[in-house]
Amino acid sequence: MNIPSAGRSGQLASELVSRDRIERDDAGYIQEDDAFFALDLERYWLEVRVLKFWLLGIFVLCLLGAVVATLLATPQYAASSRIEVSQISANITDIDPLEAVGNVSELQYLNTQYELLESRFMAERVTSAGNLARDDEFRSAFDIGEGEEFDEGDVEQILQDSLTIEGITQSSLVDIQFTTPSANLSARLANLWADEFIAANYEKRFGANIEAREFLSDQIEELREVLARSEAELVEYANANEILIIEPRGGDDGQPATQSLAATDLEALNAALAQAVTDRIEAQAIVAAGDLSQKQKNLQITAELAKAKSELSNLQETFGDEFSAIREKKAEIAALQAALDSETSSLRGEAQAALRSASLRERELRAELQRSKSQFLGQQTQGIQYGILSREVETNRALYDALLQRFKELEASGAGQNNIKLIDAASPDNRPVSPSLVQNIAIGIVLAAVLAAALVYLRVLLSQTLRSPEDVQSRIGLPLLGSIPSASNEEVLEELGQESSEVSEAYRSLRSNLAFLTTDGAPKVLMVTSTAPAEGKSISAIALAGSFAKFGKKTLLIDADLRNSKVTQTLSLGTNVGDGLAGLLTSPGRATKDGIVEVSEFGFDLLPIGRKIPNPVDLLASGRLSEIVREAGEIYDQIVIDSAPVLALADAIETSRAADGVLYVIEYDRIKAKAVKASIDRLLGSQATVFGAILTKLDQRAAEYGYGYGYGYGYGYGYGEGREKSGN
């Protein structure tokens, strides 16, 4: 409860009605001068206390739901295979693959592999490789009937939903995990996924080589047939024209050259003829010159004859002709000479025979050369076509050899090592990973906490009424001058008669707070109004007037609710109360004291409404009410005016002109805050001073918020619980 301090009494009234200083939005946030302060945790805590049984029910239901979900859920089994993803792979050949390796960071490369592992492409590949759409184990695990429509797209979606890819921190290892209702199926899918990813990566890395090899294989096969046809045509043409090709010999350009048999024969005959001519000329010269010594110079007899002649000459110089040794030597020389002459005669015959033979050989070779020459010249024209066919064969053979060589190179380059390897294969694990009772209970607790928080938040956010005394100031912008417990009309009157009752104490506290509104104490003329009927406005006016009277002030209560007065009925005064305020308003010449009735039970005087009038607004706006109040002020120390509710009427606006200020009554948890604020805005717009609010009819719910009704006498919270609310 806000009790203004006496030191600030001169400025308090204007400050209390200023709502620009403190505002609160519907979510319970406080703002001051458009600056966000903080979340009103106390408001939320109070809502928690009010909703404690609801919140407890939410927690119980969530926990029961977690247990039931655990019992009803299908067991799920997980299996994972582990692969190693290396960015760089070794190439065992010196031949570069067709596809260039890009330079990317390791993190980027690993993230790419993670995305590929989870891609639709892998799901399609695994579905096709495992024929899962028709796999009995797969269909049985996911309860897919035989007649149920189920295509590969459904399988791929199931695979992606069951797959979990998790990279091992600070490593190149990746776990491929599948969670399905079958332990064997989980292990099988994890291994199949790993195998297909490794195969797909290999195809991606060396796919260009594979495609190139396939293309070259087709080209080689086609070129092989072309080469065979060209060689067959060459052989057929050579056989048809009796063209024989000898072994190749080196050409002038270093390339192998071929030569026909006719050309070879012609070349050989020409060489043989040249040798025959040489032999014939040599033999002819020998015969013509008669010089056969050159033919016999290497014979032993010639050597012996020369030796004998030399020895004879030496002997003659030393000895005489009669020397026996000389005679013997001469006889030896004569014998050798006779032998030499005989040999020379024989050699001459041989030389002539050799000349005849050489001449004959020359003639024969010339004739054969002429025949070969004619044959060679005949094959010259045929050689042109043969050369064309031969070049075609060589060209086809060169192309074939080049393609075959490139094919072998690609085969060698395609033998590169895959940079993704299987480290650990998945194996079935018969221990289910879900449902987990502990995990489900934890989820249930978290869910319950979220729902409970949402309920409390929505309760505060959607709350349109004033749920606590503190809301009066934070949401309406008025200071709370008093909090009144709930009670029926009869009980309130009874309680007001008891000095120690909570109701009586509450209104005494209200009266004390009013004493601090001005330096002279409580304002002399106070108007009591509310937003709508039955908020406790009339009861509060009666109780406040009685409290002032008990405090020793001469007090007058004016019943200005000309449309629906409850004061007379509440005080049980009957109908014989005179013309009252209505008569004074309609008869300007009458004295104010003529309509006043004494209420001895509470110690104050009452100016009742009197009779009903058809035009209350016009009478209240005439200024006559202000005159009546002014006249009463000369007699009474305190005047309390019970005005009509504000609503959309102008009664309270016109009545406020006769009062020093307004006490605004608000029923706890009934009237929307927007309606209250709109009504107060109307009052403020008419230059009325609103001193503060009185919160009435607080019940047990208010006690849950921590606001009780005891004011020092030890009375507990919850006064008036179970009682009917007053109709005023």
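To be clear, the structure that these remarks concern was listed above.
Attention in this report is confined to the structure presented alongside it. The model shown is predicted, which means the values in this text are computed figures rather than measured ones.

Looking only at helices and strands, one finds 24 helices and 17 strands in the protein. A burial count over the protein gives 43% of its 728 residues as buried. For the protein, long-range pairs separated by at least 24 residues make up 78% of all intrachain contacts whose partners lie at least 6 apart in sequence. Surface accessibility of the protein: about 37,800 Å² in total, with carbon and sulfur atoms responsible for 52%.

The geometry of an aromatic ring pair is captured by two quantities: the separation of the ring centres and the angle between the planes. Applying the stated criterion across every chain, the model contains three aromatic pairs. Relative to Phe 604, the ring of Phe 602 has its centre 6.0 Å away and its plane inclined at 25°; by these criteria the two rings are stacked. Judged by its relative accessible area of 1%, Phe 604 is buried. Geometry around Tyr 636 places Lys 554 over its ring, the cationic atom sitting 5.2 Å from the centre.

Between its first and last C-alpha, helix 3 (residues 52–72) extends 30 Å over 21 residues, near the 30 Å set by a 1.5 Å rise per residue. For helix 3, the full list of buried residues reads Leu 55, Ile 58, Cys 62, Ala 66 and Thr 70. Looking straight down helix 3, one finds that the buried residues subtend no more than 100° of arc, so they occupy a single side. Exposed residues lying more than 90 degrees from the buried face of helix 3 are Phe 53, Trp 54, Leu 56, Leu 61, Leu 71 and Leu 72. Of the surrounding elements, those touching the buried residues of helix 3 are helix 2 (41–50) and helix 13 (437–462).

Relative to the helices and strands, Leu 56 is located in helix 3. C-alpha separation for the pair Leu 56 and Ala 448, spaced 392 residues apart in sequence, amounts to 9.2 Å.

Running from amino to carboxyl end, helix 3 crosses helix 13 at an angle of 150°, the nearest separation of the two axes being 8 Å. Relative to helix 13, helix 3 is oriented roughly antiparallel. Handedness of the helix 3/helix 13 crossing: right-handed. Counted together, Trp 54, Leu 55, Ile 58, Phe 59, Cys 62, Leu 63, Ala 66, Val 67 and Thr 70 of helix 3 and Leu 437, Asn 440, Ile 441, Gly 444, Ile 445, Leu 447, Ala 448, Ala 449, Leu 451, Ala 452, Leu 455 and Val 456 of helix 13 form the full contact between these two elements. By residue class, the composition of the contact of helix 3 with helix 13 is 18 nonpolar, three polar and no charged.

Structurally, the position occupied by Glu 535 is in the loop between strand 11 (525–530) and helix 17 (537–550). Put simply, Glu 535 is tucked away with no salt bridge, and the nearest opposite charge, on Arg 670, sits 5.4 Å away. A polar contact of 3.0 Å, which involves the side chain of Glu 535, links it to the backbone nitrogen of Thr 531. A distance of 2.6 Å separates the side chain of Glu 535 from the backbone nitrogen of Ala 532, its partner in a polar contact.

As a further point, take a negative patch on the surface. Together, Glu 124, Glu 148, Glu 149, Asp 151, Glu 152 and Asp 154 give the surface a local cluster of negative charge. Mapped onto the elements of the fold, Glu 152 is located in helix 7 (residues 152–162). Residue Glu 152 is classed as partly exposed on the basis of its relative accessible area, which comes to 41%.

With antiparallel pairing, four strands are arranged side by side in an open sheet as 5-6-4-9. Either end of the sheet is taken by a strand with one partner, and the two such strands are strand 5 (163–167) and strand 9 (420–424). Sheet twist, expressed as the average angle between the axes of neighbouring strands with direction ignored, equals 30°. Across eight bridges, strand 4 (residues 77–85) lies against strand 6 (residues 173–180) in antiparallel orientation. In the strand pairing of strand 6, Ser 81 is matched with Ile 176.

Taken across its six residues, strand 11 has six buried, putting it largely inside the fold. Burial of the side chains of strand 11 extends over both faces: Val 525, Met 527 and Thr 529 are buried on one face and Leu 526, Val 528 and Ser 530 on the other. Examined bridge by bridge, strand 11 and strand 15 (residues 638–643) share four bridges and lie parallel to one another. The residue bridging Val 528 from the neighbouring strand is Asp 642, located in strand 15. Bridge count for strand 11 against strand 16 (residues 661–667) is five bridges, and the pairing is parallel. Paired with Met 527 across the bridge in strand 16 is Val 662.

Strand pairing in a sheet takes place through backbone hydrogen bonds and is either antiparallel or parallel in direction. Strands sit in the order 10-17-16-11-15-12-14-13 across an open sheet of eight strands; the sheet is mixed. On the outer flanks of this sheet lie strand 10 (480–485) and strand 13 (597–599), each paired with one strand and no other. Between one strand and the next, the sheet's axes are offset by a mean angle of 25°, whatever the strand orientation. In terms of strand pairing, strand 10 meets strand 17 (residues 690–698) through four bridges, oriented parallel. Bridge pairing in strand 17 links Gly 482 to Ile 694. Set on the sheet, helix 17 makes contact with strand 11, strand 12 (555–560), strand 14 (604–607), strand 15, strand 16 and strand 17; between it and strand 15 the angle comes to about 175°.

Conventions and cut-offs
- The numbers attached to residues start from 1 for each chain and follow its sequence in the written order.
- Thresholds applied to this predicted model are a pLDDT of at least 70 for local features of residues and 80 or more for the giving and counting of side-chain atom pairs; totals over whole chains, interfaces and linings are not thresholded and use all residues.
- Based on all heavy atoms of the structure, the side-chain values leave hydrogens and waters out of the count.
- A run of H or I in DSSP counts as a helix once it spans at least four residues, and a run of E counts as a strand once it spans at least two, with each numbered from the N terminus.
- Here the term buried applies to any residue with accessible area under 20% of the maximum for its type, exposed to any over 50%, and partly exposed to those in between, with areas from a 1.4 Å probe on protein chains only.
- In what follows, a contact means two residues having at least one pair of non-hydrogen atoms within 4.5 Å.
- Residue burial considers only the protein chains on display, and all accessible areas are found by Shrake-Rupley using a 1.4 Å probe.
- By convention, a stacked pair of Phe, Tyr or Trp rings (six-membered ring in the case of Trp) has centres within 6.5 Å and planes under 30 degrees apart, an edge-to-face pair has planes over 60 apart, and any other such pair is tilted.
- A ring has a charge above it when a Lys NZ or an Arg CZ is no more than 6 Å from the ring centre and no more than 35 degrees off the ring normal.
- One less than the number of residues in a helix, times 1.5 Å, gives the span that helix is expected to have.
- Picture the helix axis, draw a direction to every C-beta atom, and the arc is the one those directions span.
- Each axis is a line fitted through C-alpha atoms, and for a helix only the stretch in contact is used; angles between axes span 0 to 180 degrees, taken between their N-to-C directions.
- Roughly parallel means an angle under 35 degrees; roughly antiparallel, over 145; roughly perpendicular, 65 to 115; everything else is oblique.
- Left-handed describes a crossing whose near helix is turned anticlockwise from the far helix through less than a right angle; right-handed describes the clockwise counterpart.
- Here the term charged refers only to Asp, Glu, Lys and Arg, the term nonpolar to Ala, Val, Leu, Ile, Met, Phe, Trp, Tyr, Cys and Pro, and the term polar to all other amino acids, Gly among them.
- We treat Lys and Arg as the positive residues and Asp and Glu as the negative residues; His and chain ends play no part in the count.
- Take a side-chain nitrogen of Lys or Arg and a carboxyl oxygen of Asp or Glu: if they are within 4 Å of each other, that pair is a salt bridge.
- We call two N or O atoms a polar contact when they sit within 3.5 Å, provided that within protein one can donate a hydrogen and the other can accept it, with sequence-adjacent residues counted only if both atoms are side-chain atoms.
- Every patch collects residues that have over 30% relative accessible area and no salt bridge, joining them within 9 Å if they carry like charges and within 5 Å if they are nonpolar side chains (Val, Leu, Ile, Met, Phe, Trp, Tyr).
- By convention, the point assigned to a charge is CZ for Arg, NZ for Lys, CD for Glu and CG for Asp.
- Strands qualify as paired when DSSP identifies two bridges or more between them.

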